[in-house]
Amino acid sequence: MRPFQIIFNPTSAAELARMPKELQLQILGEFRGLPQQVLATELDDFGKLERSGKTLHRFRVGDYRVYFERHDLGVLVHRILSRNTLKDFFYRSGLKVEEDEALQQNPKFWEMIESAKSAAKE
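Cut-offs applied
- Residues numbered from 1 in each chain as written.
- Predicted model: local features only at pLDDT ≥ 70, side-chain atom pairs only at ≥ 80, totals over all residues.
- Heavy atoms only, no water.
- Helix = DSSP H or I, 4+ residues; strand = E, 2+ residues; numbered from the N terminus.
- Buried < 20%, exposed > 50% of the residue type's maximum accessible area, 1.4 Å probe, protein only.
- Contact = heavy atoms within 4.5 Å.
- Salt bridge = Lys/Arg side-chain N within 4 Å of Asp/Glu carboxyl O.
- Core = buried A, V, L, I, M, F, W, Y, C linked by side-chain atoms within 4.5 Å.
- Arc of directions from axis to C-beta.
- Polar contact = N/O pair within 3.5 Å; in protein donor to acceptor, adjacent residues only side chain to side chain.
- Phe/Tyr/Trp six-rings, centres within 6.5 Å; stacked < 30°, edge-to-face > 60°.

Chemist: So what's going on with the overall build of the protein chain? Which residues, and what values?
Modeler: Helices and strands together make up the secondary structure of the protein chain, namely six helices and five strands. Sequence-ordered secondary structure for the protein chain, helices as α and strands as β, is β-α-α-α-β-β-β-β-α-α-α. Expressed as a percentage of its 122 residues, the buried residues of the protein chain come to 43%. Across the protein chain, contacts joining residues at least 24 apart in sequence account for 55% of those joining residues at least 6 apart.

Chemist: With reference to specific residues and values, describe the pattern of salt bridges.
Modeler: Pairing between side chains becomes possible if they bear opposite charge and their charged atoms approach one another. All chains considered together, the criterion is met by four salt bridges. Taking the shortest distance from any N to any O, the salt bridge between Glu50 and Lys48 comes out at 3.7 Å. With relative accessibility at 44%, the residue Lys48 sits in the partly exposed group. Between Lys54 and Glu69 there is a salt bridge; the shortest N-O distance is 3.4 Å. Of the two residues, Lys54 is situated in strand E3 (residues 54–61) and Glu69 in strand E4 (residues 64–71); the sequence distance between them amounts to 15 residues. There is no split in this pair, since Lys54 and Glu69 are both buried. Linked by salt bridges that have partners in common, Lys54, Glu69 and Glu114 make up one network.

Chemist: Quick rundown of the nonpolar core? Include the residues and the values.
Modeler: If you look at the biggest cluster of nonpolar residues, it comprises 18 residues, and the most contacted ones within it are Ile27, Leu34, Phe59, Phe68 and Ile80. Sorting the residues of this core by element identifies helix H2 (21–30), helix H3 (34–40), E3, E4 and strand E5 (74–82) as the ones contributing at least two each. The next biggest cluster of nonpolar side chains, apart from the first, holds nine residues, and it includes Leu56, Trp110, Met112 and Ile113.

Chemist: Can you lay out helix H1 (residues 10–17) for me, pointing to particular residues and giving the numbers?
Modeler: Taken together, the buried positions of H1 are Thr11, Ser12, Glu15 and Leu16. When H1 is viewed along its axis, its buried side chains cluster within an angular range of 135° and face the same direction. Put simply, Asn9 is the residue that caps the front of H1, since its side-chain oxygen is 3.1 Å from the backbone nitrogen of Thr11.

Chemist: With reference to specific residues and values, describe the packing of aromatic side chains.
Modeler: For any pair of aromatic rings, the description consists of the separation of the ring centres together with the inter-plane angle of the planes. Summed over the entire model, instances satisfying the criterion amount to one aromatic pair. Relative to Phe68, the ring of Phe59 lies with its centre 5.9 Å away and its plane at 70°, an arrangement referred to as edge-to-face. Given the relative accessible area of 9%, Phe59 is considered buried. A residue is classified by how much of its surface remains accessible, and Phe68, at 1% relative accessible area, is buried.

Chemist: Got a sec to walk through the side chain of Glu15? Specific residues and values, please.
Modeler: Residue placement: Glu15 occurs in helix H1. Separated by 2.6 Å, the side chain of Glu15 and the backbone nitrogen of Ile80 make a polar contact. Look past the residues within four positions of Glu15 in its chain and what remains in contact with it is Arg79, Ile80 and Leu81.

Take a look at the structure:
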């Protein structure tokens, strides 16, 4: 089996680091089965958001949402957001549709994802 890495960009690493240790361990524990799922499937078990040829996947860990994409080495984690953060995002955006659909169609969500890439280059 080839090596599998879970890569946190600087933004997602900082989000994880701000959480209490028990929550960090819970979230990291959920990554245990991720390699087999990512390598063996088309990720149908995860939420899927697409825009301009870019595909992100989402999986839930309790009250948190982890947004990631496939990477040559495994997966690249872009953001780890609490459900409350997303509820606030939806409220401020006036969205009344399903979570993945709303995020997929909202340019502000994609700007938030892209801002993590910009921070990584600096």
